[in-house]
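Chains, contacts and geometry: an overview
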Amino acid sequence: MLRVGGRIFSDDVIKRLSETIQKEPCLSRRKLSRLVCEWMDWRNQAGRLQEMSCRKALLELDRRKEINLPKVNRHYAFQKVNKPAEAPPIAEVSCELAELGDVEIIRVTTRFHSKLWRSMLEAHHYLGSGPLCGAQLRYLVRSEYYGWIGGLSYSACARRVESRDEWIGWTEEARKRNHTFVINNSRYLIAPTVRVKCLASHVLAKCQTRLVDDWERVYKYRPVLLETYVERGRFSGSCYRAANWKYVGGTEGRGRKGTGATVKDVYVMPLQKEMAGGVVLLCRWQSTCSPKSGTKRASGLDRSGTWRNKIGRCTIDLKTFRNDRYVL
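Structural notes, computed from the coordinates. Being a predicted model, the structure only gives us computed values, none of them experimental. (Residues numbered from 1 in each chain as written. Predicted model: local features only at pLDDT ≥ 70, side-chain atom pairs only at ≥ 80, totals over all residues. Heavy atoms only, no water.)

1. Re the overall build of the chain
Helix and strand counts for the chain come out as 8 helices and 14 strands. When each of the 328 residues of the chain is scored for burial, the buried share is 44%. Taking the contacts inside the chain whose residues are at least 6 apart along the sequence as the reference set, 67% of them involve residues at least 24 apart. (Helix = DSSP H or I, 4+ residues; strand = E, 2+ residues; numbered from the N terminus. Buried < 20%, exposed > 50% of the residue type's maximum accessible area, 1.4 Å probe, protein only. Contact = heavy atoms within 4.5 Å.)

2. What to know about the pattern of salt bridges
Side chains carrying opposite charge are able to pair once their charged atoms draw close together. For the structure on display, the rule yields 19 salt bridges. Ionic pairing is found between arginine 164 and aspartate 165, a salt bridge with its closest N-O pair at 2.9 Å. Both residues of the pair, arginine 164 and aspartate 165, count as buried. For the salt bridge of glutamate 227 with arginine 164, the shortest nitrogen-to-oxygen distance reads 2.8 Å. Taken together, the positions of glutamate 227 in strand β9 (residues 225-231) and arginine 164 in helix α5 (residues 162-168) put the pair 63 residues apart, joining distant regions of the chain. In this pair, the class of glutamate 227 matches that of arginine 164, namely buried. Because the salt bridges share partners, they merge into one network encompassing Arg34, Glu51 and Arg55. (Salt bridge = Lys/Arg side-chain N within 4 Å of Asp/Glu carboxyl O.)

As far as function goes, none of this settles anything; it's purely spatial.
Laid out in structure tokens, this is it:
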């Protein structure tokens, strides 16, 4: 039995994997990942198969020599390294916030906006445009009078960060179960030619007002906490503090893959009022909360702090449930 990619691969699953690869050596990795997702009922909150997460796990099993993946015989268009599109011209702006006119936050949903977002980040962000991890949403920032001025992205959180996890106060079991309800502000750009006081914090706050609803619309659950990482020595994080994000400590400089990275300051922003003190993150759904037993799958917390599922609501006091019946 092995834990890979946050999932338990039993001996039976690994044996079945090896037998399937031997019987069908021409089976593509894509089809193999779908099979494994179906065997393990590996789905996200929207009910879709977690194929990309599964493929990463299969690569790790192959690296550990637990299985022998078939060779890649086909290359897909998304694997090609294309020259990024030329970034759009961005005006030299130095004015008051009100002089920008309406600052619009536009979710990236079209190919045109995707190319625009990617080109801006490649041209002006020190980390480039990606890759982003897991579930993700991207946004463009446009001024009524000056056009495109920036972009943001939100994606899957880091699985384990000591300072963040201590602030949340959750157990190891709760972290494994509930980490998807924490999302990471993985990219943030205000173009370097745009120098407007309070713009960065204004954009953060404005994007936050729509993010939870957008995320639920796409992924069928509502996130509870935002996190971000600010490279120490390169940025001060002042815009996050101005937008009321909370500094909770620093990273250890290992990076996502544990191969080393720069030390970063960790900031969090609760999306539920009950989390403002960092007391508790999530409670596990209990069938006793519902008049109908058997339905335990919840879609998330609504604005009032009420846990919702397909059949109704269960009101949970997030500050008091710290016993063994709930995962905290």
